[in-house]
Amino acid sequence: QVHLVESGGGLVQAGGSLRLSCAGSGSILRLNAMGWHRQAPGKLRELVASVTRGGTTNYADSVKGRFTISRDNAKNTVYLQMNSLKPEDTAVYYCASGRTMNFDYWGQGTQVTVSS
């Protein structure tokens, strides 16, 4: 079993920055892949960024160059540094983990709101 706890969401003006954190506990195998997804009102949940335990990263085209995902394996924690935020980044952001990129475990979500 895996438990994920997110923090760091909030309200920020366009052009600002936020840093999300997600602390995982439980099976190390099921924390191999960790990632951030987001879901805006009326839209499907989408993958924002992911990172493996070995450090391989992947980003959605819409956030490349603005967001950076990283992880601290010793703490089983993944971070999402979000810079140059846009109103269209407004969404609930979910942390997820799994043995592979087919994420099996999800956090409760944290709201990010970017005002114009």
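Right above here is the structure, for reference.
Residues numbered from 1 in each chain as written. Predicted model: local features only at pLDDT ≥ 70, side-chain atom pairs only at ≥ 80, totals over all residues. Heavy atoms only, no water.

Here we come to the overall build of the protein. Regarding its fold elements, the protein presents zero helices and 11 strands. Listing the helices and strands of the protein from first to last along the sequence gives β-β-β-β-β-β-β-β-β-β-β. Here the protein, with 116 residues, has 46% of them falling under the buried criterion. Taking contacts inside the protein between residues at least 6 apart in sequence as the whole, the part at least 24 apart equals 56%. Put simply, the protein shows about 5900 Å² of open surface, and 49% of that area lies on carbon and sulfur atoms. The positive charge centre, built from 12 side chains, and the negative charge centre, built from 7, are 5 Å apart in the protein. (Helix = DSSP H or I, 4+ residues; strand = E, 2+ residues; numbered from the N terminus. Buried < 20%, exposed > 50% of the residue type's maximum accessible area, 1.4 Å probe, protein only. Contact = heavy atoms within 4.5 Å. Areas by Shrake-Rupley, 256 points an atom, 1.4 Å probe, with all protein chains shown as cover. Lys, Arg positive; Asp, Glu negative; His and termini not counted. Charge placed at Lys NZ, Arg CZ, Asp CG, Glu CD.)

Another aspect to go through is the state of the cysteines. Summed over all chains, the structure comprises one disulfide. The residue that forms a disulfide with Cys 22 is Cys 95, at a sulfur-sulfur distance of 2.0 Å. Its S-S torsion of about -80 degrees marks the bond between Cys 22 and Cys 95 as left-handed, since a negative value means left-handed. Taken together, the residues span a long stretch of sequence, with Cys 22 in strand 3 (residues 18-26) and Cys 95 in strand 9 (residues 91-98) at a distance of 73 residues. (Disulfide = S-S within 2.5 Å.)

With that settled, the discussion passes to the sheet that holds strand 3. Taken in spatial order, the four strands line up as 1-3-8-7 in an open sheet, and their pairing is antiparallel. Two strands lie at the open edges of the sheet, namely strand 1 (2-7) and strand 7 (67-72), each paired on one side alone. When strand polarity is set aside, the average angle formed by the axes of neighbouring strands in this sheet is 15 degrees. Bridge count for strand 3 against strand 8 (residues 77-82) is six bridges, and the pairing is antiparallel. Directly across from Leu 18, in strand 8, lies its bridge partner Met 82. (Pairing = 2+ DSSP bridges. Axes fitted to C-alpha atoms, helices over the stretch in contact; angles between N-to-C directions.)

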